[in-house]
Every structure is written in C-alpha cells, then in structure tokens.
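The residues making up each chain are set out below.
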Amino acid sequence: MPASLLQTQGVLPVRDGAGRRWLLVANPDERSAQAGIARATGETLPLALAEPEELGEAIRAETGRAGVLGGRGAGADDPVALFDRLLKEAWLRRASDIHVEPGKESCRIRLRVDGVMQHWGPALARPQCEGLVSRIKVLAAMDIAETRATQDGGMAHRIAGWDGDPVDLRVASIPTRFGERVTLRILKSDAGPIGLDALGMPPFMLEALREVLARPHGIVLVTGPTGSGKSTTLYAALRELDVSRLNVLTVEDPIEQFMAGVSQVQVSAKVGFAGALRSFLRHDPDVVLVGEIRDFDTADTALKAATTGHLVLSTLHTNSALGVVSRLADIGCERYLLADTLVGAIAQRLVRRLCRRCRREVDAGAEARALLGAAPGQPLRLYEPGGCPACVGTGYAGRIGVFESLWMDGELANAVACGAAEGELLRHAHQLYRLADDARAKVRDGHTSFAEARSLLGRAG
C-alpha cells in the first residue's frame, strides 16, 4: 500500500492477534479514506477507532512521516500539550500510575496498567523531559526551583476533551543521577465507590467479615505488599457501616478517597498515626481506621483502643494473615494483648482479570493439573488470555483480589497468649483459608489465568 496514501488519508491498516485486518482511523464517519484504501487494495477493511495523536505517531513510525493528523512528535516540545496527551492516554489505557524516568541521554515514560509496566511512546529528549517535569510540578503546587530534594504534591486536572470531573493525581518527585524522576498516582474517583461484593472475596469470607464489622470492639488487620489493594479493602469495609449511626474516624497517609459522614485526618509533620489515634479516643469514636501500623507506638495504641470498646481497622506489611501475630510481637506488642484484641486478619494480592470478550478455553497442562489438584484422568479446562480491542490486545481487563483469611477462636487465642511460634499457631488455626486455595478457585472459575496466578499456587507435590 503506498505510503503517501496512508499519510494523506491519515489511516493505517493493522492486523490483530487473531489475524484479522482492520483500518485504523481517527474519524469513523469519514468514509472517503476507507473508499480510497478499497480502491488501492480491492478490499474493504473494517474500521477501528484510534486516538489521533497515537495514530499519527504510528503512521510516522511506519512511513517515516506523520499523517495529516500530526502525531506526538509534532507537539513534543510543548510541555502543556505533552502532559495533556500523556494523561489522556494513561486514562484511556486504565493506568494506575505514570512514571517519568530520566536517563543519561533521554527520558522514558512508562504506565502501570493492571499492575504491569508499559512503555508510552518514544523516549523524550532531555529538554522535553525537563519541561514536562516542570509542568507537572507547577500543577502539583511543588517547588520547581528545588531539584535536589524529594517532594510530594497533588492536583485535580481535567483531561483534554473529557466532559467528566477532573482527575485527582498524587505526585511524588525524587532526584536521581540523571535528573528528577516523577511518579503520578491516578486516583480514579469517577469509578464510583467499590463495595465488598466487588473485591472478589469468596462468599463465606464476605459473610465472616461482615459479622466481624458488626462487632463493637476488636482489631481487624489487612496485610499484603505495597499495591495489593489493602486500602481499597478498608474503604469497602467502611462502606458496610452505617455512618449516620456510628462515629467513624480515620487517620491516613494520604487520604485517597473522600467518604461522606466520616472524619478523615491526613498525616503530616505535626500529626502522626499514633498521636492522631490517641486524640481520637477523646472524640468518642465507634470505629477507627488507621492507614498503616508502622511502629510500636501506633500498634500499642491501636491494640489498647480495641480493648476499650472500639472497632479498629488497619493495615500491616506481612506476607500472610498468620504473620500478623509474629510481626506485631516483633515490634514489641504484648502477646496477651494480641490474644485479647485481634479478631481476624486478611492477606491479599492482586492478579489480572481475564478479558471476558476474548479469553480462550484450553486443556490444562501437567504443571497446572498438579498445582490445581486435579485427579488423574479428570478433565480440566482452564482459560488463557486472547487479545482484542476491548483489552488493548493484552487479554486482561482490570484486576481481581486473591484473599487469605484468619479468624480467631479460643484455641488460637490461647496459643497466641502462650507465645507459640508461627508453625505451632498454624496447627491451632482452624479458621484459616489459604491464599493458594483462593488462587486455585479463581483459576478454575476462569477469573484469571494459570500463568497469572502461578506464583501464588506453591509447588507441585
């Protein structure tokens, strides 16, 4: 197909993962381009809508010159237009983070989509990167003259051409060897509040959690690594409460979601987790949420609050639900206090959810059969990612939680109070649902692929 035709018409033929051919266009109502291509090839290709800037850049990469739509390179020296394009495409790709990473001679930009890093466009020259960073810092109310210290900021920015509400972004910068690195967290407030039912918890775990939330006192901990959805689970738990009847206070760093009827406190240089929690007890709370337990002071105050008629919700960094006992003991908490106040713990991870439009059913391989516990000769059909326009060819759309839960009973509480090691506690944990069990269930039910959940399934045999 002549390059000049693609450039003048501003279109590009492509082939998707299933081998089907499409004609990328920026305006599906413009039929002259489709007719021109049909005359040149003798075939009428179905149309697929593309972002104008992205299409122009693709035409440039394919033919050496951008089409009539221009392309990202046309405005790359304008930091205002560059940031608007970057934010718009990050939003369309459902990205959770934008990373601006300076290098020795150029700067790369990557997006985190469904937990996986993706490159955005060609590398930027150093002057373009510096202009983009300055633009972001101005919008986030950060000091653009300070380039040798870490900074934090935030903004609400309206996406170009978007009629919805402005997008809330949390911004952090840090000096590196080759310049300032900037990370933007996209807080998708427009997606609406997420309830417990949407997290992917098994029904019996949901029922148990709701029973715990109805209790007048105790502490419930959500554990997992950074970015595993702990805050989302806590917010969903708060939405189960009748805030018109209860006095609910939170201390967070940062406040990621606004909740009507809840008093939310932001951690600062003058207000820490422990100090805010001690002050909360003078405000007659029913439920207290502590964004994270990081030290003994916060942990001790939270446990004592749970003994005085308050329900406390918080997060902790451990690898398992059972690990909360040894973790809190390691930072200095008394074992008898843990046994008396700890109601339960939930550990969680996030895996990519298979796209329902294009997932493919396949026979399970030998490793999958072993790790999923399939009996010899038992047929086992699983799903794997396909690739379609709805999921931008990745085969995945969104993420789903994989959960582990531990609920306390008298026998386990006695073992905790007696100082039993984690291996001994495991023998007394009769209400423990393992992370690997939930991962197996989600693979078998087609929510995610075996490859995506492989690391959570343990070892065969």
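Whatever comes next refers back to the structure up there.
Here goes a summary of the coordinates provided. (Residues numbered from 1 in each chain as written. Predicted model: local features only at pLDDT ≥ 70, side-chain atom pairs only at ≥ 80, totals over all residues. Heavy atoms only, no water.)

Thoughts on the sheet that holds strand β20 (residues 432-433)
With respect to topology, eight strands assemble into an open sheet ordered β13-β12-β14-β15-β11-β16-β19-β20, the strand pairing being mixed. Edge positions in the sheet fall to β13 (263-266) and β20, since each has one partner strand and no second. One ladder, built from four bridges, connects strand β12 (residues 248-252) with β13; its direction is parallel. In the strand pairing of β13, L249 is matched with S263. Contacts from helix α6 (residues 203-213) reach β11 (218-223), β15 (311-316), β16 (342-354), β19 (396-407) and β20 within the one sheet, and its direction differs from that of β19 by about 60°. Contacts from helix α7 (residues 230-239) reach β11, β12, β13, β14 (287-290), β15, β16 and β19, with the element oriented near 165° to β15. (Pairing = 2+ DSSP bridges. Helix = DSSP H or I, 4+ residues; strand = E, 2+ residues; numbered from the N terminus. Contact = heavy atoms within 4.5 Å. Axes fitted to C-alpha atoms, helices over the stretch in contact; angles between N-to-C directions.)

A short note on empty space enclosed by the protein
Under the counting rule described, the total for this entry stands at two cavities of 30 Å³ or more. The wall of the second largest cavity is formed by L209, L213, V220, V222, T233, L234, A237, L313 and I346. Looking at the lining of the second largest cavity, the elements that each hand over two or more residues are α6, β11 and α7. Looking at the lining of the second largest cavity, its residues break down into eight nonpolar, one polar and no charged. (1 Å grid on protein atoms, 1.4 Å probe; cavity = no way out; pocket = protein on both sides within 12 Å on 5 of 7 lines; lining within 4 Å. Points joined across faces, edges and corners; volume = space filled by probe spheres on them. Nonpolar A, V, L, I, M, F, W, Y, C, P; charged D, E, K, R; others polar.)

Brief notes about the nonpolar core
Counting 41 residues, the largest nonpolar core has I219, L221, I293, L328 and L425 as the members making the most contacts within it. Counting residues per element, this core draws most heavily on helix α9 (residues 296-307), which supplies five residues. Excluding residues that lie within four positions of it along the chain, I219 makes contacts with I293, A302, L303, A306, V312, T341, L342, V343 and G344. (Core = buried A, V, L, I, M, F, W, Y, C linked by side-chain atoms within 4.5 Å. Buried < 20%, exposed > 50% of the residue type's maximum accessible area, 1.4 Å probe, protein only.)

Notes on the packing of aromatic side chains
All chains considered together, the criterion is met by one aromatic pair. Both rings, one in F204 and one in Y433, keep their centres 4.9 Å apart while their planes meet at 85°; by these two values the pair is edge-to-face. You can see F204 sitting in helix α6 and its partner Y433 sitting in strand β20, a full 229 residues away along the chain. The class of F204 is partly exposed, set by a relative accessible area of 45%. (Phe/Tyr/Trp six-rings, centres within 6.5 Å; stacked < 30°, edge-to-face > 60°.)

Focus: the layout of surface pockets
Taken as a whole, the second largest pocket holds about 990 Å³ of empty space. Along the wall of the second largest pocket there are 31 residues; nearest its centre are L49, A50, P389, V392 and G393. The set of elements that each furnish at least two residues to the lining of the second largest pocket consists of β2 (21-25), β3 (47-49), α3 (52-63), α4 (79-92) and β6 (116-119).

Concerning the state of the cysteines
The full count for this structure, using the stated rule, is zero disulfides. Here C358 stays free of any disulfide, with the sulfur of C388 as its closest cysteine sulfur at 3.6 Å. The exposure class assigned to C358 is buried, which follows from its relative accessible area of 11%. (Disulfide = S-S within 2.5 Å.)

Concerning the packing of α4 against helix α5 (residues 126-139)
Running from amino to carboxyl end, α4 crosses α5 at an angle of 75°, the nearest separation of the two axes being 9 Å. Of the possible angle classes, the one that applies to α4 and α5 is roughly perpendicular. Counted together, P79, V80, L82, F83 and L86 of α4 and Q128, G131, L132, R135, I136 and L139 of α5 form the full contact between these two elements. (Parallel < 35°, antiparallel > 145°, perpendicular 65-115°, else oblique.)

Overview of the pairing of β19
β19 sits mainly inside the fold: nine of its 12 residues count as buried. Sheet analysis places β16 next to β19, joined by 10 bridges and oriented antiparallel. Paired with A347 across the strands is E404, a residue of β19. Judged from the two bridges that link them, β19 and β20 form a sheet pairing that is antiparallel. In the sheet register, L406 faces β20, and the bridge partner there is L432.

Brief notes about the sheet that holds β2
In a beta sheet, neighbouring strands pair by backbone hydrogen bonds and run either parallel or antiparallel. The three strands lie next to each other as β1-β2-β3, forming an open sheet whose pairing is mixed. Two strands close off the open sheet at either side, each with one partner strand: β1 (12-15) and β3. For this sheet the average axis-to-axis angle between neighbouring strands, irrespective of direction, equals 40°. Relative to β3, β2 is paired through three bridges, and the arrangement is parallel. In the strand pairing of β3, V25 is matched with L49.

Quick word on the pattern of salt bridges
Tallied over the entire structure, the rule returns 26 salt bridges. The partner of D197 in a salt bridge is R210, with the nearest N and O atoms 3.1 Å apart. Taken together, the residues span a long stretch of sequence, with D197 in the loop between β10 (179-187) and α6 and R210 in helix α6 at a distance of 13 residues. The class of D197 is exposed, set by a relative accessible area of 59%. For R427, the salt bridge goes to E424, with nearest N and O atoms at 2.0 Å. (Salt bridge = Lys/Arg side-chain N within 4 Å of Asp/Glu carboxyl O.)

A look at unusual backbone geometry
Here D253 and P254 are connected by a cis peptide whose omega angle stands at -5°. Relative to the helices and strands, P254 resides in the loop between β12 and β13. For A141, which is not glycine, the phi dihedral falls at a positive 60°. If you trace the backbone, A141 turns up in the loop between α5 and β8 (151-157). Within the chain, D284 stands out as a residue other than glycine whose phi angle is a positive 55°. Mapped onto the elements, D284 comes out in the loop between α8 (273-280) and β14.

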